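Structural overview
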Amino acid sequence: GLCVRCGDVVFLGKCLPHKLLAPAALCTTLCKKCNNKGFMSRGITNCNPGNIRRSRVRYRGERHPSTDASFKQFESMAWGYRAMFVLLDTYRKRYGLTTLREMIMRYAPPEENHTALYVAAVSDMTGIRPDEELDTRSRRVMVPIVAAMSRVENGCTARRSEVEQGWDLTGF
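Remember, predicted model here, so these are calculated numbers, not experimental data.

A few words now on the overall build of the protein. What the protein contains, in helices and strands, is six helices and two strands. Sorting the 172 residues of the protein into buried and exposed places 49% on the buried side. Long-range pairs, those at least 24 residues apart, make up 57% of the contacts in the protein between residues at least 6 apart in sequence. Accessible surface computed for the protein: about 9200 Å², of which carbon and sulfur atoms make up 51%.

Structure representation (structure tokens):
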């Protein structure tokens, strides 16, 4: 599973520092160095299920000032999911990124992530092929993608109702 404090992968009692999927039942696993019960992932704590980094871009529902030095914080999970939908739509409109692979390559670059595993995980969870063109304005397409990305980012299954509320907040 994933350590919910530091995000390291816990496998056979050893920590492997990279993102992989943990079964939902293991989303409260802690590695040995973080053996501290009840800790939530940073993305959940910040109501930022996509772990969107701080930047000059301001999203509706964003908390100001943020108390996290690196990541944005939102008023609720729904606002955090909304930011993910808006960001992915911006990737399509501004940068011409139209596939799952292209979007995730920008969202979780290989310099910081195991991007190929990330793409494969989201593709497996959604049934959307990595190079299939996406309609970022389609609820049917994007809600499962954002839910899957949240699972990769946080190690736990997203609450579908919160993801859907985030979609509703976009106005798409």
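A few words now on helix α6 (residues 160–170). Within α6 the residues assigned to the buried category are E162, V163, G166, W167 and T170. Projected down its long axis, α6 carries its buried residues within an arc of 145°, all on one side. Downstream of α6 by a residue or two, G171 has a phi angle that is positive, lying close to 75°.

Below, the discussion takes up the packing of helix α2 (residues 77–95) against α6. Two numbers describe how α2 lies on α6: the axes approach to 7 Å, and their chain directions differ by 60°. Relative to α6, α2 is oriented oblique. For the crossing formed where α2 meets α6, the hand is right-handed. Facing α2, whose interface residues are M77, A78, W79, Y81, R82, F85 and V86, α6 presents E162, V163, Q165, G166, W167, L169 and T170. Here the residues of the contact of α2 with α6 are counted per class, giving nine nonpolar, three polar and two charged.

Another point: helix α3 (residues 100–107). Residues of α3 that are buried: L100, M103, I104 and Y107. The buried residues of α3 occupy an angular sector of 95° when the element is viewed end-on, so they sit on one face.

Tallying each qualifying case throughout the model produces four aromatic pairs. Taking the centre distance of 5.1 Å and the plane angle of 85° together, the rings of F85 and W167 count as edge-to-face. Taken as a pair, F85 in helix α2 and W167 in helix α6 lie far apart in primary sequence, 82 residues in all. Each member of the pair, F85 as well as W167, is classed as buried. With 5.5 Å between their ring centres and 75° between their planes, W167 and F172 make a pair best called edge-to-face. An aromatic cluster of three or more residues is present, and its members are F85, W167 and F172. Over the face of the ring belonging to Y95 we find R106, whose NZ or CZ atom lies 3.8 Å from the ring centre.

For the rest of this paragraph, the subject is the environment of L134. Note on placement: L134 falls in the loop between α4 (115–126) and α5 (139–154). The class for L134 is buried, based on a relative accessible area of 6%. For the pair L134 and T98, spaced 36 residues apart in sequence, the C-alpha separation works out to 5.6 Å. Those residues within four positions of L134 in sequence are excluded, and the remaining contacts are R92, T98, T99, L100, M103, I128, V141 and I145.

Criteria and cut-off values
- Residues numbered from 1 in each chain as written.
- Predicted model: local features only at pLDDT ≥ 70, side-chain atom pairs only at ≥ 80, totals over all residues.
- Heavy atoms only, no water.
- Helix = DSSP H or I, 4+ residues; strand = E, 2+ residues; numbered from the N terminus.
- Buried < 20%, exposed > 50% of the residue type's maximum accessible area, 1.4 Å probe, protein only.
- Contact = heavy atoms within 4.5 Å.
- Areas by Shrake-Rupley, 256 points an atom, 1.4 Å probe, with all protein chains shown as cover.
- Arc of directions from axis to C-beta.
- Axes fitted to C-alpha atoms, helices over the stretch in contact; angles between N-to-C directions.
- Parallel < 35°, antiparallel > 145°, perpendicular 65-115°, else oblique.
- Left-handed = near helix turned anticlockwise from the far one by under 90°.
- Nonpolar A, V, L, I, M, F, W, Y, C, P; charged D, E, K, R; others polar.
- Phe/Tyr/Trp six-rings, centres within 6.5 Å; stacked < 30°, edge-to-face > 60°.
- Lys NZ or Arg CZ within 6 Å of the ring centre and 35° of its normal.

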